[in-house]
Amino acid sequence: MEETPRTPVITIGLNAGQATFDYAMAELKNLVEANHMTVVEEVQQALSRPQPGTYFGTGKVEELATIVADDGVDTVVVNDELTPSQIRNLEKVTKARIIDRTGLILEIFANRAQSREAKLQVQLAKLQYQLPRLHTSASQRLDQQTGSGGGGGFTNRGSGESQTEISRRTLQRAITHVNHELKEINQAAATQRQQRERNQLPSVALVGYTNAGKSTLMNALVREFGKSDEKQVFVKNMLFATLDTSVRQLTFPDQKKLLLSDTVGFVSQLPTQLVKAFRSTLAEAANADLLVQVVDYADPNKEAMMATTEQTLHDIGVTDVPMVTVFNKADLTEATYPSRAGDQLILSAQDPASIALLVQTLKEKVFHNYVTADFLIPFADGDVVAYLNDHANVLSTGYEATGTALKVELQDTDFNRFKQYVVTP
Ligand SMILES: Nc1nc2c(ncn2[C@@H]2O[C@H](COP(=O)(O)OP(=O)(O)OP(=O)(O)O)[C@@H](O)[C@H]2O)c(=O)[nH]1
Ligand SMILES: [Mg+2]
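Keep in mind it's a predicted model, so treat the numbers as computed, not measured.

Attention shifts here to the UniProt feature "binding site: Mg(2+)" (unreviewed entry) in the protein chain. Here, the residues flagged by UniProt with the feature "binding site: Mg(2+)" (unreviewed entry) are Ser215 and Thr242. Separation in sequence by 28 residues is not matched in space for these annotated residues, since their most distant C-alpha atoms are only 7.7 Å apart. Assignment of secondary structure puts serine 215 in helix 8 (residues 214-225). Those residues in contact with serine 215 that sit more than four places away from it in its chain are Val233, Phe234, Val235, Ala241, Thr242 and Asp262. Take threonine 242: it is sitting in the loop between helix 8 and strand 6 (246-251). Once residues lying within four places of it in the same chain are set aside, the contact partners of threonine 242 are Ser215, Val233, Phe234, Asp262, Thr263, Val264 and Gly265.

Okay, here's the thing in structure tokens:
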């Protein structure tokens, strides 16, 4: 379904000899395509650090200008975040619009955001990116591509203030406003989280590089173990299909329950403005009892992607949560699957045996506060029997003269609650 032709662009990057350079450029190409553009040429310069004024060195900038003219493109995408003056200078020489990596990712996020919270988070990141870049084409383009300006028109009230001062104040006011709205939403989310914590269900968060298959795994688990009224989450073969956190309850046949969350995927050099704006969305991962890092096992850059994920988790302050690594999409590789070695699994989200192995692993990691005991519950306390049937794993039921005899595997908190009924068999 190709509606409009893709905008042709040239990508440029500085090769400082870093091992990850090729990967970064390949990733940039994917980001460009995710933004409905297409790369016609890639230009790189071997340089240890960017030139403060023009990013590339002077000669290389001239060369770029010629390439832009020859290719007949009007947009250049840069593999790094640029300063406002670098953007201006590059535009002057090349006569092309310059989009830096941060601006590109912001555009993609803005176009993907669906919920009010995601929209506000992207808006906040965008305003913070624009503030130091007032009146640059980068800022104006972001407005054109993402709708809505900095919040309100820039009317000069004749007070003698410069246009820039007014614009800056307008942006700052918009930032305050968006922050305020987000705070309200966050409070509601925090309350929900507290309520869930009170339910004492363990929580597992799917994390990882964008397009690794997190949402697909979530759906496979929800289809089998979710409540019947719980919705499937959105899956698509594109970068950043998911921008909102979804939480679903899973109930296994033995009545063990956990909360599973799916969240926004990562990419290298995720702009700090976005990481900050999405902090509350990512809080689900920070508060989890277990992280499941999902990796696209078929991707040749999977190691760099894992490093990116670990770096991003570190950046958002998630450091002490135990982690299981799932090498997904094994069906696209030669590997034998499903298989498990310690905390690493090789599987395919499309394969039932793989889902079974994942469930077994999750259960082993998460449900360690369970005990097995025998109970004799007087017939008068039938509600206790009903509770245990709903909330615990009843291994056997028998009837004696004085009441119901149950052998039950249950959470230690429930065990303590019903201690008075425990008998030694
Ligand atoms: N062949 C194969 N394809 C898979 C597998 N798991 C997921 N996919 C496909 O990979 C693409 C991305 O899947 P998603 O589940 O949306 O990925 P995600 O990690 O949630 O991505 P973001 O939300 O963008 O971070 C989709 O086209 C899926 O159908 C798998 O095990 N095998
Ligand atoms: Mg997803």
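This part is about the packing of helix 1 (residues 21-34) against helix 4 (residues 101-112). Two elements in contact, helix 1 and helix 4, have axes separated by 9 Å at closest approach and are oriented at 40°. Classified by the interaxial angle, the pair formed by helix 1 and helix 4 is oblique. The two elements helix 1 and helix 4 cross, and the hand of that crossing is left-handed. Between helix 1 and helix 4, the residues in contact are Leu28, Leu31 and Ala34 and Arg101, Leu104, Ile105 and Ile108, respectively. Residues that form the contact of helix 1 with helix 4 fall into these classes: 6 nonpolar, no polar and 1 charged.

This brings us to the UniProt feature "domain: Hflx-type G" (unreviewed entry) in the protein chain. Within this structure's numbering, the places UniProt gives as "domain: Hflx-type G" (unreviewed entry) are residues 202-370. The annotated region residues 202-370 carries 33% helix and 22% strand content, and the separation between its end C-alpha atoms amounts to 12 Å.

Further remarks concern helix 2 (residues 58-71). Helix length check: helix 2, at 14 residues, gives a terminal C-alpha distance of 20 Å against a target of 20 Å (1.5 Å per residue), a fit within 8%. Buried within helix 2 are the following residues: Val61, Leu64 and Val68. Along the axis of helix 2, the buried positions cluster into a sector of 55°, meaning they face one direction only. Opposite the buried face of helix 2, at more than 90 degrees from it, the exposed residues are Gly59, Thr66, Ala69 and Asp70. Here the buried face of helix 2 lies against strand 1 (7-15), strand 2 (37-46), strand 3 (75-78) and helix 3 (84-94).

With parallel pairing, 4 strands are arranged side by side in an open sheet as 2-1-3-4. At either end of the open sheet lies a strand with only one pairing partner, and these are strand 2 and strand 4 (97-100). Averaged over all pairs of adjacent strands, the angle between strand axes in this sheet comes to 25°, irrespective of strand direction. Across the face of the sheet, helix 1 comes into contact with strand 1, strand 2 and strand 3 while running at roughly 160° to strand 1. Against the sheet, helix 2 makes contact with strand 1, strand 2 and strand 3, and its axis sits at roughly 160° relative to strand 2, the strand it touches most.

This paragraph deals with the pairing of strand 6. The sheet contact formed by strand 6 and strand 7 (residues 257-262) spans 6 bridges and is antiparallel. From the neighbouring strand, leucine 250 faces strand 7, where its bridge partner is leucine 258. Connecting strand 6 to the next strand, strand 7, in antiparallel fashion are 5 residues, including glutamine 255 with a positive phi near 75°.

What follows deals with the site of ligand 1. What surrounds ligand 1 is a group of 23 residues, the closest being Gly213, Ser215, Asn237, Thr242 and Gly265. Grouping the amino acids of the shell around ligand 1 by side-chain chemistry returns 8 nonpolar, 11 polar and 4 charged.

Cut-off values and rules
Residues numbered from 1 in each chain as written. Chains lettered and ligands numbered in written order. Predicted model: local features only at pLDDT ≥ 70, side-chain atom pairs only at ≥ 80, totals over all residues. UniProt positions renumbered as here; feature names shortened; annotations may be inferred. Helix = DSSP H or I, 4+ residues; strand = E, 2+ residues; numbered from the N terminus. Contact = placed C-beta atoms within 7 Å. Axes fitted to C-alpha atoms, helices over the stretch in contact; angles between N-to-C directions. Parallel < 35°, antiparallel > 145°, perpendicular 65-115°, else oblique. Left-handed = near helix turned anticlockwise from the far one by under 90°. Nonpolar A, V, L, I, M, F, W, Y, C, P; charged D, E, K, R; others polar. Expected span 1.5 Å × (residues − 1). Buried ≥ 20, exposed ≤ 12 C-beta atoms within 10 Å, placed from the backbone. Arc of directions from axis to C-beta. Pairing = 2+ DSSP bridges. Near = placed C-beta within 6 Å.

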